[in-house]
Amino acid sequence: MAETAEQVHARVLAVTGSGGHLAMPAQGGWDVFPWTVVDGEIAPRQLPPPADEAPRWGESPDKPCGLCAHGPDPERVVWEDEHWTLSHPGGPSGLPVVLLLEPREHLDFGQLDDDRASEYGRISNRLVRIIEALPNIGRCHAMRYGDGGSHMHIWFVGRTARLTSVLGSPTIDWDDVIPPGPEDVWREDLRAIATKLANWGGDARA
Ligand SMILES: [Zn+2]
């Protein structure tokens, strides 16, 4: 069972103490990070002029698709079937559930045929329902960006219920900010998700 909001909050307080702040994550140094500090106030960064977009992974010989080159990491796969794999990012993080759904074939979102698109719809609908039914999970966000890699990868992110400042589009930013939770708790939730998803088809691997 995922940690309660009180457990997560206590874990943060153990790091920061009362009135302290957690460390700035790596995103603060990214070129696309939209905020800066001007005269002590947070402000939008200056918008750089237009430029050609860099190729994504899988779109250029010197940027091959890692997933197609090496296949899904068996240590990370929590569920799979003939056409899809569901993987975790490698270990617990600030949010209780972070999963990636990817087709085995190199396709981007928008390139699925009707059969794959139907499967994607069924799997994602079940996955959201399963994750949102877990104790202490408030909502499962489903997200596709695709600006880094051209192999379709959809994020499914369960957030802690009643942690009411970790809400909406900034939720994912907290994943790298909140200290990671216990590994046994995280693995127990992954097993529950994989087992329930496999009730409909495919195989649980967590
Ligand atoms: Zn690929």
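Relevant structure appears above.
What you see is a predicted model; the values in this text were computed from it and never measured. (Residues numbered from 1 in each chain as written. Predicted model: local features only at pLDDT ≥ 70, side-chain atom pairs only at ≥ 80, totals over all residues. Heavy atoms only, no water.)

Novice: Would you explain unusual backbone geometry in this entry?
Specialist: What is expected of a backbone is that most residues other than glycine have negative phi and most peptide bonds are trans. The residue N136 is not glycine, and still its phi comes out positive at about 70°. Structurally, N136 is set in the loop between α3 (114–133) and β6 (137–143). (Helix = DSSP H or I, 4+ residues; strand = E, 2+ residues; numbered from the N terminus.)

Novice: Help me out: how do you make sense of the pattern of salt bridges in this one?
Specialist: Pairs can form between side chains of opposite charge once their charged atoms are near each other. Taken as a whole and assessed by the stated rule, the structure comprises 11 salt bridges. The salt bridge partner of E59 is R56, with a shortest N-O separation of 2.9 Å. The exposure class of E59 is partly exposed, given its relative accessible area of 43%. A salt bridge links E80 to R104, with the shortest nitrogen-to-oxygen separation between them at 2.7 Å. In this pair, E80 is assigned in strand β3 (residues 77–80) and R104 in the loop between β5 (97–103) and α3, connecting sequence segments 24 residues apart. Residue classification places E80 among the buried positions, given a relative accessible area of 18%. (Salt bridge = Lys/Arg side-chain N within 4 Å of Asp/Glu carboxyl O. Buried < 20%, exposed > 50% of the residue type's maximum accessible area, 1.4 Å probe, protein only.)

Novice: What's the story with the pairing of strand β4 (residues 84–87) in this structure? I'm lost.
Specialist: Consecutive residues of a regular strand have side chains that alternate between opposite faces of the sheet. Burial along β4 is two-sided: W84 and L86 facing one way and T85 and S87 facing the other are all buried. Examined bridge by bridge, β3 and β4 share 3 bridges and lie antiparallel to one another. From the neighbouring strand, E80 faces β4, where its bridge partner is T85. What sits between the antiparallel neighbours β3 and β4 is a turn of 3 residues. (Pairing = 2+ DSSP bridges.)

Novice: I tried to follow the coordination of the zinc ion on my own but got confused; where do I start?
Specialist: Metal coordination angles in their ideal form are 109.5 degrees for the four-donor tetrahedron and 90 or 180 degrees for the six-donor octahedron. At 2.0 to 2.3 Å from the zinc ion lie its protein donor atoms, namely C65 (SG), C68 (SG), H106 (ND1) and H151 (ND1). Around the zinc ion, the 4 donor atoms sit at angles spanning 104 to 116°, and that spread fits a shape best called tetrahedral. Binding-site remark: the zinc ion is held by donors from one chain whose sequence spacing is C-x2-C-x37-H-x44-H. (Donors = N, O, S within 2.8 Å, 3.2 Å for Na, K, Ca; no water. Tetrahedral: all angles 85-135°; square planar, octahedral: opposite > 155°, others 65-115°.)

Novice: Where do I start with the nonpolar core in this structure?
Specialist: It is characteristic of soluble globular proteins that their nonpolar side chains tend to be buried jointly. Residues W84, L86, L99, I131, F156 and I193 are the most contacted members of the largest nonpolar core, which totals 25 residues. Every element with two or more residues in this core is listed here: β3, β4, β5, α3, β6, β7 (154–160) and α5 (183–198). In terms of nonpolar packing, the next biggest core, distinct from the first, is built from 10 residues, V8, V12, V157 and L163 among them. (Core = buried A, V, L, I, M, F, W, Y, C linked by side-chain atoms within 4.5 Å.)

Novice: I keep staring at the packing of aromatic side chains and nothing clicks. Help me out?
Specialist: Centre distance and the angle of the planes are the two values used to describe a pair of aromatic rings. Across all of its chains, the model carries 2 aromatic pairs by this definition. Aromatic side chains W84 and Y120 sit 6.1 Å apart centroid to centroid with 35° between the ring planes, which places their arrangement in the tilted category. Of this pair, W84 sits in strand β4 while Y120 is found in helix α3, placing the two residues 36 residues apart along the sequence. Pair check on accessibility: W84 and Y120 agree, each one buried. A ring pair is formed by F109 and Y120, whose centres lie 5.2 Å apart and whose planes are at 65°; its orientation type is edge-to-face. In this pair, F109 sits in the loop between β5 and α3 while Y120 sits in helix α3, placing the two residues 11 residues apart along the sequence. (Phe/Tyr/Trp six-rings, centres within 6.5 Å; stacked < 30°, edge-to-face > 60°.)

Novice: How do you make sense of the sheet that holds β4 when you look at a structure like this?
Specialist: What links the strands of a sheet is backbone hydrogen bonding, and the strands pair in either a parallel or an antiparallel sense. Ordered by their spatial adjacency, 6 strands build an open sheet running β6-β7-β5-β4-β3-β8, and the pairing between neighbours is antiparallel. In this open sheet, the two strands that pair with only one neighbour each are β6 and β8 (203–204). With 4 bridges connecting them, β4 and β5 associate as antiparallel partners. By the bridge assignment for β5, L86 is matched with L101.

Novice: Just checking my understanding: could you explain empty space enclosed by the protein for this structure?
Specialist: To find leftover empty space, a probe the size of one water molecule is rolled over the atoms. Summed over all chains, the structure comprises 1 cavity of 30 Å³ or more. Here the largest cavity defines a volume of roughly 130 Å³. In this structure, the largest cavity is lined by 15 residues; those nearest its centre are E3, R11, L95, P96 and G181. Secondary-structure elements contributing two or more residues to the lining of the largest cavity are α1 (5–16) and α5. With 3 residues, α5 is the largest single contributor of residues to the lining of the largest cavity. (1 Å grid on protein atoms, 1.4 Å probe; cavity = no way out; pocket = protein on both sides within 12 Å on 5 of 7 lines; lining within 4 Å. Points joined across faces, edges and corners; volume = space filled by probe spheres on them.)

Honestly, that's just the spatial picture; any functional story needs more than this.
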